[in-house]
Amino acid sequence: MRSSPNIIITGTPGVGKTTHCEQLASSTGLTHLNVNKVVKERDCEDGFDDELNSVIVDEDKLLDAIEPDLEAGGQIIDWHACDMFPQSLIDLVVVIRCNSTILYDRLKGRGYSDKKLDENMDAEIMEVLLQEARDSYDEEIVVELQSDDLDQIDENLERIQTWIENWKKDHSEA
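The chain is annotated in an unreviewed UniProt entry as Adenylate kinase isoenzyme 6 homolog from Aureobasidium melanogenum. Entered under Subunit (unreviewed entry) in the UniProt record, the comment concerning the chain runs "Interacts with small ribosomal subunit protein uS11. Not a structural component of 43S pre-ribosomes, but transiently interacts with them by binding to uS11."

Below is the structure:
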């Protein structure tokens, strides 16, 4: 039995996933599991997409690489997708959203190509990742949070920290 929950922080690139994950890991003692780093460090790459300038991930290798971490618990998974992670090992899915104008400026500032920019903007506007989360996990563990400014991020962090504390109380051996 896990003594700490596993949480997925997902959303379109640029919405603030990593900011949320880093601050949560710092304040809660949970582990920030940055999937992009895991893919590189644990050899889970399956090529490179030149057009989108991004690594292609071998999801089977990735799951094999992180399954022991998930079974141990206490992981904050930072990635733009969530449907591949086993529902039995996930306790909360947080879908971070962002105002389209703000997100556009963030992605443009990262130097995204027009194609990559358009693809990510379409995904955000069409709520692709929110729907993926709702389709993949029980409704009661999927939460949508807005991340347009620092005040919203602080509110989100407080809300997730409270949820973690409550999860630990509910799952502690009495």
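Considering the sheet that holds strand β7 (residues 142-146)
With respect to topology, 5 strands assemble into an open sheet ordered β2-β5-β1-β6-β7, the strand pairing being parallel. Edge strands, defined here as strands with exactly one partner in the open sheet, are β2 (31-34) and β7. Each adjacent strand pair in this sheet contributes to an overall mean axis angle of 20 degrees, direction not counted. In the packing of helix α6 (residues 128-136) onto the sheet, contacts are made with β6 (92-97) and β7, and the angle to β6 comes to roughly 165 degrees.

Things to note about a nonpolar patch on the surface
Side chains of Ile125, Met126 and Val128 sit close together on the surface and give an oily, nonpolar patch of about 310 Å² of accessible area. Positionally, Val128 belongs in helix α6.

Focus: the packing of helix α4 (residues 100-109) against helix α5 (residues 114-125)
One way to put it is that α4 packs onto α5 with a least axis distance of 10 Å and a crossing angle of 155 degrees. Regarding the angle of α4 to α5, the classification is roughly antiparallel. Of the two possible hands of crossing, α4 and α5 adopt the one that is right-handed. Listed contacts from α5 to Ser100, Leu103, Tyr104, Leu107 and Lys108 of α4 are Asp114, Leu117, Asn120, Met121, Glu124 and Ile125. Of the residues in the contact of α4 with α5, the class split is 6 nonpolar, 2 polar and 3 charged.

Observations concerning the UniProt feature "binding site: ATP" (unreviewed entry) in the chain
Under the UniProt annotation, "binding site: ATP" (unreviewed entry) lies at Gly14, Gly16, Lys17, Thr18, Thr19 and Arg110. Excluding anything up to four places from it in sequence, Lys17 contacts Ile9, Thr10, Gly11, Thr12, Asp78, Trp79 and His80. Of the polar contacts made by the side chain of Lys17, one reaches the backbone oxygen of Gly11; its length is 3.1 Å. Tracing the sequence through the fold places Thr19 in helix α1 (residues 17-28).

Cut-offs and rules
- Residues numbered from 1 in each chain as written.
- Predicted model: local features only at pLDDT ≥ 70, side-chain atom pairs only at ≥ 80, totals over all residues.
- Heavy atoms only, no water.
- UniProt positions renumbered as here; feature names shortened; annotations may be inferred.
- Pairing = 2+ DSSP bridges.
- Helix = DSSP H or I, 4+ residues; strand = E, 2+ residues; numbered from the N terminus.
- Axes fitted to C-alpha atoms, helices over the stretch in contact; angles between N-to-C directions.
- Contact = heavy atoms within 4.5 Å.
- Patch = residues over 30% accessible without salt bridge, like charges linked within 9 Å, V, L, I, M, F, W, Y side chains within 5 Å.
- Areas by Shrake-Rupley, 256 points an atom, 1.4 Å probe, with all protein chains shown as cover.
- Salt bridge = Lys/Arg side-chain N within 4 Å of Asp/Glu carboxyl O.
- Parallel < 35°, antiparallel > 145°, perpendicular 65-115°, else oblique.
- Left-handed = near helix turned anticlockwise from the far one by under 90°.
- Nonpolar A, V, L, I, M, F, W, Y, C, P; charged D, E, K, R; others polar.
- Polar contact = N/O pair within 3.5 Å; in protein donor to acceptor, adjacent residues only side chain to side chain.

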